[in-house]
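The primary structure of each chain is shown beneath.
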Amino acid sequence: MGYDIKIKLKSYDYSLLDKSAKKIVNSVISTGVILNGPIPLPTEKKIYTILRSPHVNKKSREQFFLPTHKRLLQIQNASSKTVDVLMKLELPSGVEVEIKV
């Protein structure tokens, strides 16, 4: 009997995130598990407002937008072989991985 694993991926770059999710899916499917995902989660949007000039024209401001994209993968009936495959994966920098068993 296996156990369930949830993998949550976060990145500022959606294309890098999709490549990482595809890499995980391709490597995990070969171990014979049930896989749900990648499920796109809502994008977290941060907006930073900065004054253009510190002394003059206080009403003149600039806004910067930073989106954080997220994906969720759910693996059911995972075995020790599946965990070994996940540990050996090398994902690119810029992708945050959170694994819950």
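One structure accompanies this document, and this report is about it. Just so it is clear, the model here is predicted, and its values are computed rather than measured.

Each value, and the rule that gives it
- Residues numbered from 1 in each chain as written.
- Predicted model: local features only at pLDDT ≥ 70, side-chain atom pairs only at ≥ 80, totals over all residues.
- Heavy atoms only, no water.
- Helix = DSSP H or I, 4+ residues; strand = E, 2+ residues; numbered from the N terminus.
- Expected span 1.5 Å × (residues − 1).
- Buried < 20%, exposed > 50% of the residue type's maximum accessible area, 1.4 Å probe, protein only.
- Contact = heavy atoms within 4.5 Å.
- Polar contact = N/O pair within 3.5 Å; in protein donor to acceptor, adjacent residues only side chain to side chain.
- Salt bridge = Lys/Arg side-chain N within 4 Å of Asp/Glu carboxyl O.

**Focus on helix α1 (residues 14-29)**
Here α1 is 16 residues long and its end C-alpha atoms lie 22 Å apart, about the 22 Å a rise of 1.5 Å per residue gives. Among all positions of α1, only Leu 17, Ser 20, Ala 21, Ile 24, Val 25, Ser 27 and Val 28 are buried.

**Looking at the side chain of His 69**
Inspection of the secondary structure puts His 69 in strand β3 (residues 61-78). In this structure His 69 comes out as buried when scored by relative accessible area, which is 16%. In this view, His 69 contacts Leu 9, Lys 10, Ser 11, Tyr 12, Asp 13, Tyr 14, Leu 17 and Thr 43; residues no more than four positions away in its chain are not counted.

**What to know about the side chain of Lys 70**
Structurally, the position occupied by Lys 70 is in strand β3. Only 3.2 Å separates the side chain of Lys 70 from the side chain of Glu 44, close enough to count as a polar contact. With sequence-adjacent residues up to four places away left out, Lys 70 is seen in contact with Lys 8, Leu 9, Lys 10, Leu 17, Ile 39, Pro 40, Leu 41, Pro 42 and Glu 44.

**Brief notes about the pattern of salt bridges**
Counted according to the given criterion, the structure contains three salt bridges. Of the charged contacts, one joins Asp 18 and Arg 71 as a salt bridge, the two residues approaching to 3.1 Å between their closest N and O atoms. One end of the pair, Asp 18, is in helix α1; the other, Arg 71, is in strand β3, with 53 residues separating them in the sequence. Look at Asp 18 and you get partly exposed, because its relative accessible area is 34%. Assessed through its relative accessible area of 14%, Arg 71 is described here as buried. As a salt-bridge pair, Lys 70 and Glu 44 come within 3.2 Å of each other at their nearest N and O atoms. With Lys 70 in strand β3 and Glu 44 in strand β2 (residues 34-51), this pair connects stretches of sequence that are 26 residues apart. Using a relative accessible area of 36% as the deciding quantity, one classes Glu 44 as partly exposed.

**Side note on unusual backbone geometry**
A cis amide bond links Gly 37 to the next residue, Pro 38, at an omega of 5°. Considering the arrangement of structural elements, one finds Pro 38 in strand β2. Notably, Asn 77 is not glycine yet its phi reads approximately 60°, a positive angle. Along the polypeptide, Asn 77 turns up in strand β3. For Asn 77, a relative accessible area of 45% corresponds to the partly exposed category.

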